[in-house]
Amino acid sequence: MKEAKLVVLSLLTGMIVGFIFQKLSLPVPAPPTIDAFMGIFGVWLGSVVIDKISR
């Protein structure tokens, strides 16, 4: 339950930051396309998998 709460809080924080960046006409500090996002997600997922395997 604690992890789900952290995920929701992280999502809300990201949405608030995105809103602020949009209102201030600043470039969003995130990958501009889904394939770039998935690449970053893949790096994270790979590190998690290796961490779990090496335990």
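Residues numbered from 1 in each chain as written. Predicted model: local features only at pLDDT ≥ 70, side-chain atom pairs only at ≥ 80, totals over all residues. Heavy atoms only, no water.

Asker: I'm lost on the overall build of the chain in this one. Help?
Answerer: Across its full length, the chain holds 2 helices and 0 strands. Computed over C-alpha atoms, the radius of gyration of the chain comes to 15 Å, more than 25% over the 10 Å expected from 2.2 N^0.38 for 55 residues, which places it beyond the range of a compact globule. In terms of overall dimensions, the chain has C-alpha extents of about 45 × 30 × 15 Å along its principal axes. If you sum the accessible surface of the chain, you get close to 5200 Å²; carbon and sulfur atoms cover 75% of it. (Helix = DSSP H or I, 4+ residues; strand = E, 2+ residues; numbered from the N terminus. Rg over C-alpha atoms; globule rule 2.2 N^0.38 Å. Areas by Shrake-Rupley, 256 points an atom, 1.4 Å probe, with all protein chains shown as cover.)

Asker: Hey, could you run me through the pattern of salt bridges in this one?
Answerer: Should their charged atoms come close, side chains of opposite charge can pair. Going through the model one piece at a time under the given rule, you end up with 1 salt bridge. For R55, the salt bridge goes to D51, with nearest N and O atoms at 3.1 Å. Judged by its relative accessible area of 71%, R55 falls in the exposed class. Judged by relative accessible area, D51 falls into the partly exposed class, the value being 35%. (Salt bridge = Lys/Arg side-chain N within 4 Å of Asp/Glu carboxyl O. Buried < 20%, exposed > 50% of the residue type's maximum accessible area, 1.4 Å probe, protein only.)

Asker: Would you mind going over unusual backbone geometry with me for this structure?
Answerer: What you tend to see is this: most non-glycine residues have negative phi, and most peptide bonds are trans. If you check the backbone angles, S25 has positive phi at about 55° while not being a glycine. With respect to the helices and strands, S25 occurs in the loop between helix 1 (2-23) and helix 2 (34-53).

Asker: Looking at this model, I keep getting lost on the packing of aromatic side chains. Mind explaining?
Answerer: Given two aromatic rings, one states the distance between the centres and the angle between the planes to describe the pair. Counted under the stated rule, the structure contains 1 aromatic pair. A ring pair is formed by F41 and W44, whose centres lie 5.5 Å apart and whose planes are at 35°; its orientation type is tilted. You can see F41 and its partner W44 sitting in helix 2, 3 residues apart, about one turn around the helix. Here F41 falls in the partly exposed class, since its relative accessible area comes to 35%. Its relative accessible area of 48% is what places W44 among the partly exposed residues. (Phe/Tyr/Trp six-rings, centres within 6.5 Å; stacked < 30°, edge-to-face > 60°.)

This is a description of form; function is not addressed.
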